[in-house]
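In case you want the letters, here they are:
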Amino acid sequence: MDTIFVPMPEPSNLFDYLGIGPEQCLGQGGEAIVYAMDAGRVARVYHPGTDPANVHARAALLDELAVNAHRVPFAIPAVLETVTYADRIVTIERRLPGRPVNELLAKVTGETRAALIRSHLDAAARIGDLRVERPWAGELVGRHAIHTATFADYLAQRAEVSLSSARDVFGHVDARALADDWPEPADFTLVHLDAFTGNMLGDGDTITAVLDFGVVAICGDRRLDPLTAAAYLNPWITPTAGDEDRAVAAAWLAEQGLADLYEPARRWIAAFWSFARDDAALFEWCQTVLT
Ligand SMILES: Nc1ncnc2c1ncn2[C@@H]1O[C@H](COP(=O)(O)OP(=O)(O)O)[C@@H](O)[C@H]1O
Ligand SMILES: [Mg+2]
């Protein structure tokens, strides 16, 4: 999710070093602030204290995904170079077209709006075409990655770890029960898990890019991406989405035969994010779903 970090001013000599200024900021999230360098490149300036291992793991994952980038109808990030300046890590990346979909939703109306919501879910459903192959289900990045033989075991174990960081609030939630009814997928592939509107760029009713493949990406059941994308269209996570957008998403899920998995997916992803206590809106959403 994207609202955890309160930005600090960048040291001006970092700006000088990169040849950018604060007015070139394109956006920010939980991991980085992103600045336009020129028409073709952005500088992704990681927040202070970022673990370099995570930056390198993300770059390696993007290299792996690049092999299958032609299989999806949207652009994905590509790291051109990783640099460090003083104590800050910066990746220079290809600049991708479009504006964040949550921003577009503040303006667009009518048929274009409904088509944009459907395109957002279509894009989420295609993420699994960026195939990753692992002999397990679980996290692709991170020092505390969980790997399991079945997807239901992954769901249960990760929910248990997340919930245990906020047992005072979620003591009543049974992690195993959240995963009990999950039908095992035919195979495991890439799942983004954070494919919400702030991590997709669009233009009109088209999705031009999917961003932010990284620390929460897993190998598992690809159906989770469109299901969680629909669940993220709530007032806490996507304030620019409304009831009509949620109705469009519900109709899309029904057409895709995913309606029955919506509530289990919504409950599990709320448990997944229950560690994110410093993101007040996200944490409140987790509570509304699980209590
Ligand atoms: N390659 C890119 N091209 C254009 N804009 C980008 C690019 N990468 C990021 N952005 C902008 O920066 C914002 C934050 O980037 P994101 O990768 O989602 O960072 P975080 O991991 O911190 O959430 C995005 O919402 C988007 O507006
Ligand atoms: Mg983001």
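Every value quoted in this text rests on a predicted model; they were computed, and no experiment measured them.

A. Fine view of helix α8 (residues 224-231). Summarising burial for α8: eight of the eight residues are buried, a large majority. Contact partners of the buried residues in α8: α4 (110-126), β9 (189-191), β12 (218-220), α9 (243-255) and α10 (259-272).

B. Quick look at the site of ligand 1. Around ligand 1 sit 19 residues, and of these G27, G29, E31, V34 and L96 come closest. Take the shell around ligand 1: its biggest share by element is three residues, from strand β1 (residues 25-28). When we break the shell around ligand 1 down by domain, the ones giving at least three residues each are domain 1 (12-94) and domain 2 (99-290).

C. Representation of the domain arrangement of the chain. Domain boundaries assigned for the chain yield domain 1 (12-94) and domain 2 (99-290). Summarising the inter-unit geometry, the C-alpha centres of domain 1 and domain 2 are found 23 Å apart. Between domain 1 and domain 2, the contact holds 19 residues from the first and 22 residues from the second. Take the side of domain 1 that touches domain 2: its biggest share by element is eight residues, from helix α2 (residues 52-66). Of the residues that constitute the side of domain 1 that touches domain 2, the class distribution is eleven nonpolar, four polar and four charged.

D. Looking closely at the sheet that holds strand β5 (residues 88-94). Across the sheet, which stays open at both edges, the five strands sit in the order β1-β2-β3-β5-β4 with antiparallel pairing between neighbours. Either end of the sheet is taken by a strand with one partner, and the two such strands are β1 and β4 (79-85). Pairwise comparison of adjacent strand axes, ignoring direction, gives a mean angle of 20 degrees for this sheet. Taken together, the three bridges between β1 and strand β2 (residues 32-36) define a ladder with antiparallel strand orientation. Across the sheet, the residue bridging to Q28 is I33, located in β2.

The rules behind these values
- Residues numbered from 1 in each chain as written.
- Chains lettered and ligands numbered in written order.
- Predicted model: local features only at pLDDT ≥ 70, side-chain atom pairs only at ≥ 80, totals over all residues.
- Buried ≥ 20, exposed ≤ 12 C-beta atoms within 10 Å, placed from the backbone.
- Helix = DSSP H or I, 4+ residues; strand = E, 2+ residues; numbered from the N terminus.
- Contact = placed C-beta atoms within 7 Å.
- Near = placed C-beta within 6 Å.
- Domains from an automatic or database assignment.
- Nonpolar A, V, L, I, M, F, W, Y, C, P; charged D, E, K, R; others polar.
- Pairing = 2+ DSSP bridges.
- Axes fitted to C-alpha atoms, helices over the stretch in contact; angles between N-to-C directions.

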